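Listed here are the chains, written in short residue letters.
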Amino acid sequence: MANQKLTNSFMSTLKKCLSLQAIVDNSGHSCTVLFIHVFFQVIMVDRAGRRTLTLIGLGGMCCCAVAMTVGLAFLEVYSWMSYLSMAAIFLFVSFFEIGPGPIPWFIVAEIFSQGPRPAAIALAGCCNWTCNFIIGMFFPYLESLCGSYVFIVFAVLLFGFTIFIYMRVPETKGKTFEEIAAVFHRKRGAPPSKPQEEAEMVQLKSSTEA
C-alpha cells in the first residue's frame, strides 16, 4: 500500500544512477502513465476482479524490481541497460496503478462486516502511512548499504505479498459479506459461525430501522 512512496524513491535512485536526466525530470511522462492506468483500472475493476488485478499488479511490480536491479547491475557493461531501467520504473508505476494502488483502499470495506469494519479501515490506513514513513526514512540508508541491488529487497517483499494474496485473500467481486466470510472459513478449515453472523445481522437491521 505504500508503493507510491516506493516509486518516488525508485525514481530518485535512478536519477542518480542513470544518464537519462531529461526523461526522469519530465514529470509529464509519469502523469500520463498514471492517468492511462487509473482509467484502465476503473474499467477493469468490476470485470477482472479485485484479487486478479492485485495479483497482476504485485507480480508485475516484482518483475520490474528485478529488471531494475539487472539494469543497474550491468549499467557499466551495457549502456542500453539504462533504457531497461527506465522502462522498468514506468512499468512499475503502471502495475501499481492497476491493482495494489487503489484496490487496498476499498477491499477492506468488502472483506470486513459492519462491526469491525471501521477499526479495520483505520488499521489499514495506519499501516499504509507507517510504511510510507519507514520507506521515506530508511530507503536512503538501504540504498547506500545495498547499492545497485537495493531493489532486490523490494522484489522479495513483493513476491511474498503476491503469494499471500494468492493463498489467503478471496475474490470479493459480486459477493456478499456472507459469501466472503464462508470462503475465509473454508480456507481455515473451520465451520462458519452462523449464530454470530445472525446476531450481527439482527443488530444491523435493528439499528437501520431505528
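Residues numbered from 1 in each chain as written. Predicted model: local features only at pLDDT ≥ 70, side-chain atom pairs only at ≥ 80, totals over all residues. Heavy atoms only, no water.

## Concerning the confidence of the model for the chain
- The predicted model of the chain averages 76 in pLDDT, with 70% of residues at 70 or higher.
- Ranking the elements of the chain by mean pLDDT puts helix α2 (residues 21-25) last, at 46, and helix α8 (residues 150-168) first, at 92.
- Within the model, pLDDT remains below 50 along residues 19-27, and this stretch shows eleven contacts once partners closer than five positions in the same chain are excluded. (pLDDT = per-residue confidence, 0-100. Helix = DSSP H or I, 4+ residues; strand = E, 2+ residues; numbered from the N terminus. Contact = heavy atoms within 4.5 Å.)

## Quick look at the packing of helix α4 (residues 50-73) against α8
- Running from N to C, α4 and α8 cross one another at 160 degrees; their axes reach a closest spacing of 9 Å. In terms of orientation, α4 lies roughly antiparallel with respect to α8. As α4 packs across α8, the resulting crossing turns out to be left-handed. Along the contact surface, α4 presents Arg51, Thr54, Leu55, Leu58, Gly59, Met61, Cys62, Ala65, Val66, Met68, Thr69 and Leu72, while α8 presents Phe151, Ile152, Ala155, Leu158, Phe159, Phe161, Thr162, Ile165 and Tyr166.
- Taken together, the residues of the contact of α4 with α8 sort by class into 16 nonpolar, four polar and one charged. (Axes fitted to C-alpha atoms, helices over the stretch in contact; angles between N-to-C directions. Parallel < 35°, antiparallel > 145°, perpendicular 65-115°, else oblique. Left-handed = near helix turned anticlockwise from the far one by under 90°. Nonpolar A, V, L, I, M, F, W, Y, C, P; charged D, E, K, R; others polar.)

## Describing the packing of aromatic side chains
- Applying the stated rule across the entire model yields two aromatic pairs.
- Between the aromatic rings of Tyr78 and Trp80, the centroid separation amounts to 5.8 Å while the plane-to-plane angle is 40 degrees, which identifies the pairing as tilted.
- In this structure Tyr78 comes out as partly exposed when scored by relative accessible area, which is 41%.
- Centroid distance Phe139 to Phe154: 5.7 Å. Interplanar angle 40 degrees. Geometry classified as tilted. Pair noted here: Phe139 is in helix α7 (residues 117-146) and Phe154 is in helix α8, with a separation of 15 residues, a long-range link. Take Phe139 and Phe154: they sit in the same class, and that class is buried. (Phe/Tyr/Trp six-rings, centres within 6.5 Å; stacked < 30°, edge-to-face > 60°. Buried < 20%, exposed > 50% of the residue type's maximum accessible area, 1.4 Å probe, protein only.)

## Some points on the pattern of salt bridges
- Scanning the model with the defined rule gives one salt bridge in all.
- Residue Arg50 pairs with Glu110 through a salt bridge whose shortest N-O separation is 2.8 Å. Taken together, the residues span a long stretch of sequence, with Arg50 in helix α4 and Glu110 in helix α6 (residues 103-111) at a distance of 60 residues.
- A relative accessible area of 9% places Arg50 in the buried class.
- Judged by relative accessible area, which is 22%, Glu110 ranks as partly exposed. (Salt bridge = Lys/Arg side-chain N within 4 Å of Asp/Glu carboxyl O.)

## A look at the nonpolar core
- Among the nonpolar cores identified, the biggest contains 32 residues, and Met68, Ile89, Phe92, Ile107, Phe139, Phe151 and Leu158 are the most heavily contacted of them.
- Listed by contribution, the elements that provide at least two residues to this core are α4, α5 (81-98), α6, α7 and α8.
- Element by element, the count of residues in this core is highest for α4, at nine residues. (Core = buried A, V, L, I, M, F, W, Y, C linked by side-chain atoms within 4.5 Å.)

## Quick notes on α7
- By the largest-angle criterion, Phe138 marks the main kink of α7, which is about 45 degrees, and a proline, Pro140, follows within four residues.
- Buried within α7 we find Ala120, Ala124, Gly125, Asn128, Asn132, Ile135, Phe139 and Glu143.
- The positive-phi residue at the C-terminal boundary of α7 is Gly147, with phi of around 65 degrees. (Bend = angle between axes of the 7 residues up to and from the residue.)

## Observations regarding the packing of α6 against α7
- Interhelical geometry of α6 versus α7 gives an angle of 155 degrees and a closest axis separation of 9 Å. Between α6 and α7, the interaxial angle falls into the category roughly antiparallel. Considering only the axes of α6 and α7, their crossing is right-handed. Touching Trp105, Val108 and Ala109 of α6 are Arg117, Ala120, Ile121, Ala124, Asn128 and Trp129, all from α7.
- Class assignment for the residues of the contact of α6 with α7 results in seven nonpolar, one polar and one charged.

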